[in-house]
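Here is what each chain is made of, one letter per residue.
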Amino acid sequence: MHTVFTNLIKMDVTDIGNREEGKLKRRKPSSGKGVLLTVVRTAQQTKVRFLHAAFDATGEYFLAGDHHGNIYAFDISRNRFHLVQKTGQACTALALSFHRSAEFLVALVDNTIKCFDQDTKQMVSWMRGHEGAVSSISIHSSGRYAVTTSSDTAQLWDLDTFQRKRKLNIHQSVGIQKVFFLPLSNNILSCFSDDSIFAWDSNTLVCEYQLPVPESGPRLFYKAFAVTQDGKSLAAGGRSNLLHLWCLESKTLVKVIQMPTQVRTVRQLEFLSDSFDGGSNQTLGVLSQDGIMRFINIHTSKLLFHVGSHNTVINTVTISPTGRHVVAILDNGSISVYSVQSLTEDLNKPPLPQVAVVSDSAANQAPSNLKVKFDMIQRPATHTGPPKRVKIRAPAAGPAVEDKENQLPGGLNKTRLLGLLKTFGEYPGKYRMFVWRSLLCLPENYAAYSSLTDKGLHSAYLTLHEKYPIKSQKLQRGLQRVLSALSHWASIFGEVEYLPLLAFPFVKLFQNNPMLCFEVVATVLVNWCQHWFEYFPNPPLNILSMAENILAHHDKELLQHLVDCGITSQLYVWPLLETLFSEVLTRDEWLRLFDNVFSNHPSFLLMACVAYLMCCREPLLLCSQKEDFEYFFHHRNNLDMEAMIKDAYRLMIKTPADIQPMRLLSDVTPLTKGQYPVFNHYPEFIVEYQNREREKIRQQEMEYLEERQEVMTLRKDLVAQQSEEDAYYVQQELLQKAEEQRRNILAQEEEKLTQQRKNLAAMKRELKAKELQMLDANRRRLLQHQQDLQVSQIRRLDQEITRKMDIREQETAAAVQDLDIRQMELEVQRRQLEQELCKEQLRIERQVEDVRMKRSDGEKRNMQEVEGFPAAEARQLGTDRNWQRDAAAERLQHADGELEKRRRTLAGGDRLMHTPRNVAGQEWDEVVYQTGHIVKQQQSRPAADTIVLVPLLKNSPKA
């Protein structure tokens, strides 16, 4: 990527980088390209994309915003640039204020619009209110108002106060494509996704007018719009290579321009202004899906020049108000500024003289060796595209002239097409419609066709659906539209009864392009239906006679059979012609047949009718009834289509000249460009007479309907009045009957009320007695329930006492056993302690005896030592002896304490043996006390409610 940017910089490309101002590298535009300068911006080895641009009123100064949120100003005349603002967000639209030149509006990705001042770089205002991204900003020529557009709404702002004046909300299913101010007026034009266009007054917001949605032709799905500087013309385009040119003064579609086949979708439209056109711009720039913007002349529909290519794809284009510069934002994010003067330089040159200069290399050279030098000539400015150099060639020979006559529109050759048709029997299905359009040389007169469809539905076909019902509503409307256009073109077609049958197969085939369908049917009527209407309203007897003569020459037997059965050509030829074989052939067979019909002389259709009869001669010879023949020529039959077409060609060759229809039928004459020719090959007096009669009948019918409507109205009024009177009397009778019924009902209700009151009093008495009985029964039931509760409580107490007594006995027995064991253990311990005490006493007595003996021995030795030691040592020795004696006394005292403690332990074991018996005695006394208390309570109650309870005290310790 870095290498690519380096290469771009080497090509006189200005890389502004991170600079805030600098000089542009302006260059002289090369011939044919017209690029004045190219600007890119790289930051940290990555390319920053420019998104939108906007010119000021001078046309020499424009702003451009990149996806980093930087807004740069580029001055083309001074060849400089500078950074004017850092928004921090990518912009979705830009516009410069015409009222205050230093201010500009920028729409950001957060759905807001900000106004900045270029000089101070300060934000002037911040406008909020859009819920979607703002796609365009349109500023009024006065600079006071602005309209901002998003996909869901459009808002009108006052740029003096920056307050929102109005808001246009629409239904979600109909999106807004664009809303903008019309130049030199106070009207606002709003364009919606359903191709509807409205004009509103910016002050009152009252709808001024609406452009009619084209009913005919393919729908364009408008996406791009452009208005001339005088505000009189509007160009609109969308998902098609067609452009609609509207006249806003007359509110009509004045022209449909078809772009080249490379254009499939129109992304942007811009008018290129000129200093000498007075605001009625004639050059329109069309940016298509391939990234190339083609500039055409809207009057001549010629391509003048183009900018961009497949290598330099253009995203958006901004044209200066003066028409001098074109700023293109390329797909790679760079900006290219084109000079319109350089692009149109070759167009403005005067044409060179279209002459051939003959030069001889030698004076004495033979005439046969003359060399012709052809000068290069240039097309005038009115021709398409860049000037092409062509050579003036000498006239071709006779065969070349004949081949020129065979050339068809679209570069096809009729001779080669016939060879292809004879080889394969049909044209390729993919290219059939294109071949037919070329063979018939359809003029595609959009304006003339629009003028016919603008007249609406013809009165003769308002009720077409009743006579010819079609399941598809789209086909029904298409057939009705084509027949109405034909009737507006020639009045006889409103009287021809078989015209719907003749036109229906073409309507079904061209249902997506009604204009081509109209022109195909019109071409067929003009060429293949020659002399059909001379005997109107009767069938064309002259044409039928031709077919009968051909059949008589080639198959006399079949013709004689038809004559013998009383079948005329009106029955066996006319049904095929008036329906163009659509009733007797399948779709593929019909297409193959008309591949050959459109490629040959109009007489081929008559030959095809005779060939059909000859191919079906066997089943026809078997028919004898008229109903069978009628059924045969109105239904499909088994047919060898290839053999039928071969027979048709054979009949064209072998038919004698005296009965050959070619001598009476002229060659195919295509419709003229611009306007359709006048069709008057019919008895006008009959058609006019029928029209007058039909109009007279229609007028009488209208008068009859009006009188009938008046009579019906009077009858309705009379019937309504009579019904009102009848209803009044009936209502009065009903009211009287209702009053009597209400009186009877009232008397019956009073009787019922009296009876109900009696029944209610009896029920109250009965209920009172039942209530007393229930109260007495409830009292008895409550007493019984209380007695049952007390009995059950006593039983539970008795059971609880018995259970506790059993538990106490078990616990007492276990405690007695434990005490016995414990007593035995204590007895054993007591005896062991006594033995130990005895032993300890004996040991202590021995120790005491030893001590005493030692004391006496010590005293003796002390005495001896005292006598032998000094006084100090004797005192010390006496002290030691005293200490030993005190220690021995303490040990004796401790031993006596241990003996006393053990004696108390033995005494406590004797008391523990008597403890369980004392406890069992206390619990039994408590049980006896509670039982006696319950018995006393029962004895205190009345004799009737007293139940004598005799507790069964079993297994008591005292029992």
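Rules and cut-offs
Residues numbered from 1 in each chain as written. Predicted model: local features only at pLDDT ≥ 70, side-chain atom pairs only at ≥ 80, totals over all residues. Heavy atoms only, no water. Helix = DSSP H or I, 4+ residues; strand = E, 2+ residues; numbered from the N terminus. Buried < 20%, exposed > 50% of the residue type's maximum accessible area, 1.4 Å probe, protein only. Contact = heavy atoms within 4.5 Å. Polar contact = N/O pair within 3.5 Å; in protein donor to acceptor, adjacent residues only side chain to side chain. pLDDT = per-residue confidence, 0-100. Pairing = 2+ DSSP bridges. 1 Å grid on protein atoms, 1.4 Å probe; cavity = no way out; pocket = protein on both sides within 12 Å on 5 of 7 lines; lining within 4 Å. Points joined across faces, edges and corners; volume = space filled by probe spheres on them. Nonpolar A, V, L, I, M, F, W, Y, C, P; charged D, E, K, R; others polar. Axes fitted to C-alpha atoms, helices over the stretch in contact; angles between N-to-C directions. Salt bridge = Lys/Arg side-chain N within 4 Å of Asp/Glu carboxyl O. Parallel < 35°, antiparallel > 145°, perpendicular 65-115°, else oblique. Left-handed = near helix turned anticlockwise from the far one by under 90°. Core = buried A, V, L, I, M, F, W, Y, C linked by side-chain atoms within 4.5 Å. Phe/Tyr/Trp six-rings, centres within 6.5 Å; stacked < 30°, edge-to-face > 60°. Lys NZ or Arg CZ within 6 Å of the ring centre and 35° of its normal.

### A short note on the overall build of the chain
Along the backbone of the chain there are 22 helices and 38 strands. Put simply, the chain has 959 residues, and 40% of those count as buried. A fraction of 55% describes how many contacts in the chain between residues 6 or more apart in sequence connect residues 24 or more apart.

### What to know about the environment of Tyr145
With respect to the element layout, Tyr145 can be found in strand 15 (residues 145-149). Take Tyr145: its relative accessible area is 13%, and that puts it in the buried class. Residues Tyr145 and Lys165 lie 20 residues apart in sequence; the distance between their C-alpha atoms is 9.4 Å. Apart from residues lying up to four places away in sequence, Tyr145 is in contact with Ser138, Ile139, His140, Leu156, Trp157, Asp158, Leu159, Lys165 and Phe181. Side chain to side chain, Tyr145 and Arg144 meet in a polar contact 3.5 Å long.

### Some details on unusual backbone geometry
As a rule of thumb, non-glycine residues mostly have phi less than zero, and peptide bonds are mostly trans rather than cis. At Lys121, a residue that is not glycine, the phi angle is positive and equals roughly 60°. Along the polypeptide, Lys121 turns up in the loop between strand 12 (113-117) and strand 13 (123-127). Using a relative accessible area of 39% as the deciding quantity, one classes Lys121 as partly exposed.

### Some points on the confidence of the model for the chain
Looking at the chain as a whole, the pLDDT averages 80, with 80% of positions reaching at least 70. Taken element by element, the chain is modelled with least confidence in strand 35 (residues 377-378), mean pLDDT 28, and with most confidence in helix 16 (residues 604-615), mean pLDDT 94. pLDDT under 50 marks residues 352-402. Its contacts with residues more than four places away, or in other chains, come to 47 contacts. Below pLDDT 50 for its whole length, residues 942-959 participates in 20 contacts with residues either more than four positions away or in separate chains.

### Here we look at the pairing of strand 29 (residues 302-307)
As judged from the five bridges shared by strand 28 (residues 293-297) and strand 29, these two strands associate in the antiparallel manner. Counterpart to Phe295 in the pairing with strand 29 is Phe305. Between the end of strand 28 and the start of strand 29, which pair antiparallel, lie four residues, with Ser301 showing a positive phi angle near 60°.

### Observations regarding the layout of surface pockets
Estimated volume of the largest pocket: approximately 1800 Å³. As for the largest pocket, its lining consists of 47 residues, of which Ile137, Ser138, Lys178, Glu270 and Thr318 are closest to the centre. Mapped by element, the contributors of at least two residues to the lining of the largest pocket are strand 6 (50-55), strand 10 (91-96), strand 14 (136-139), strand 18 (176-181), strand 22 (222-227), strand 26 (266-272) and strand 30 (314-319). Residue classes in the lining of the largest pocket are distributed as 26 nonpolar, 17 polar and four charged. In this model, the second largest pocket occupies a volume close to 1300 Å³. Looking at the second largest pocket, it is lined by 46 residues, and the ones nearest its centre are Val256, Gln258, Glu444, Tyr446 and Met515. Of all elements in the fold, only strand 24 (242-247), strand 25 (252-258), helix 5 (432-440), helix 6 (446-453) and helix 10 (514-527) reach the threshold of two or more residues within the lining of the second largest pocket. Among the elements that line the lining of the second largest pocket, the one with the most residues is strand 25, at seven residues.

### Describing the sheet that holds strand 1 (residues 13-15)
Reading across from one edge, 1-3-32-31-30 is the order of the five strands in this open sheet, with mixed pairing throughout. Edge positions in the sheet fall to strand 1 and strand 30, since each of these pairs with one other strand and no more. The average angle at which neighbouring strand axes cross in this sheet is 20°, direction not considered. Across four bridges, strand 3 (residues 35-40) lies against strand 32 (residues 335-339) in antiparallel orientation. Within the sheet, the bridge partner assigned to Leu37 lies in strand 32 and is Val337.

### Some words on the pattern of salt bridges
Tallying each qualifying case throughout the model produces 23 salt bridges. With a closest N to O distance of 3.1 Å, Arg432 and Glu426 form a salt bridge. By relative accessible area, which is 32% here, Glu426 ends up partly exposed. Across the pair Arg830 and Glu827 runs a salt bridge whose closest N-O atoms are separated by 2.2 Å. In this pair, Arg830 and Glu827 are both assigned in helix 20 (residues 684-868), three residues apart and thus about one turn of the helix distant. In this structure Glu827 comes out as partly exposed when scored by relative accessible area, which is 27%. Members of the salt-bridge network, linked through shared partners, are Glu827, Arg830, Arg831 and Glu834.

### Some words on the packing of helix 5 against helix 15 (residues 587-598)
Relative orientation of the contacting elements helix 5 and helix 15 amounts to 30°, with a least axis distance of 10 Å. Relative to helix 15, the element helix 5 lies roughly parallel. Handedness of the helix 5/helix 15 crossing: left-handed. Residue-level inspection shows Arg432, Trp436, Leu439 and Leu440 of helix 5 in contact with helix 15, the latter providing Trp590, Leu591, Phe594, Asp595 and Phe598. Residue composition of the contact of helix 5 with helix 15, grouped by class: seven nonpolar, no polar and two charged.

### Side note on the nonpolar core
Core analysis: the biggest nonpolar cluster contains 125 residues, and Leu486, Phe493, Trp532 and Phe581 have the highest contact counts within it. Leave out the neighbours within four places in its chain, and Phe493 touches Tyr461, Leu486, Ser487, Leu499, Leu525, Phe533 and Phe679. By size, the runner-up hydrophobic cluster in this structure holds 19 residues, among which are Ala53, Phe55, Phe62 and Leu83.

### Structural notes on the sheet that holds strand 22
What the four strands build is an open sheet, ordered 22-23-24-25; its pairing is antiparallel. Two strands lie at the open edges of the sheet, namely strand 22 and strand 25, each paired on one side alone. Here the strands of the sheet are splayed against their neighbours by 25° on average, with no regard to which way each runs. With five bridges connecting them, strand 22 and strand 23 (residues 233-238) associate as antiparallel partners.

### A few points about the packing of aromatic side chains
Within the structure shown, the criterion is met by 32 aromatic pairs. Judged by centre distance (5.3 Å) and plane angle (70°), the ring pair of Phe506 and Trp590 falls under edge-to-face. A residue pair is termed long-range when its members are at least 10 positions apart, and Phe506 in helix 9 (residues 499-509) and Trp590 in helix 15 qualify at 84 residues. The burial state of Phe506 is the same as that of Trp590; both residues are buried. Grouped by ring-pair contacts, the aromatic residues Phe50, Phe55, Phe62, Tyr72, Phe74 and Phe81 constitute a single cluster. The side chain of Arg239 reaches across the aromatic face of Phe221, ending 4.1 Å from its centre. Sitting above the plane of the Tyr209 ring, Lys251 keeps its charged end 4.5 Å from the centroid.

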